[in-house]
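A closer look at the structure
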Amino acid sequence: MLYTDAGYADYVAEDIFNEASGSQQQTARRKNSKRPHHPAQAFLLQYFRKGIETCFSQLTARFPKQIHAVTAAGFALKIALFIFAHTLSQAGL
């Protein structure tokens, strides 16, 4: 199951993804959507998206405004270390 934001409401791409991968893409719908979700499904989407958004906001709060790296590998290493620090913080260490 892939949970996506309302900004990714491309119905054709969603149908192609569902056919090609065998997985389901659950997109949070806007109020004026042509394919609205049932209320129970909308609640579950909102519940899972809230956890994802909270994690992203906590993670980006740890990032500095600028990340100085000379190479792509150095940039990837710094991002990985920020994520590792966030994981340790969430574990209480």
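This one's a predicted model, so the numbers in the text were calculated from it and none came from an experiment.

Between its terminal C-alpha atoms helix H3 (residues 72-91) stretches 29 Å, which fits the 28 Å expected from 20 residues at 1.5 Å a residue. Backbone geometry just downstream of H3 places glycine 92 in the positive-phi region, at approximately 90 degrees.

Our focus in this paragraph is the pattern of salt bridges. Scanning the model with the defined rule gives 1 salt bridge in all. A salt bridge links glutamate 53 to arginine 49, with the nearest nitrogen and oxygen atoms 2.3 Å apart. With glutamate 53 and arginine 49 both in helix H2 (residues 39-62) and 4 residues apart, the pair spans about one turn of that helix. Note on arginine 49: relative accessible area 14%, which makes it buried.

This paragraph deals with the confidence of the model for the protein chain. In this model, the protein chain carries an average pLDDT of 81, and 96% of its residues clear a pLDDT of 70 or more. Mean pLDDT across the elements of the protein chain bottoms out in strand E1 (residues 2-4) (74) and peaks in H3 (88).

Conventions adopted
Residues numbered from 1 in each chain as written. Predicted model: local features only at pLDDT ≥ 70, side-chain atom pairs only at ≥ 80, totals over all residues. Heavy atoms only, no water. Helix = DSSP H or I, 4+ residues; strand = E, 2+ residues; numbered from the N terminus. Expected span 1.5 Å × (residues − 1). Salt bridge = Lys/Arg side-chain N within 4 Å of Asp/Glu carboxyl O. Buried < 20%, exposed > 50% of the residue type's maximum accessible area, 1.4 Å probe, protein only. pLDDT = per-residue confidence, 0-100.

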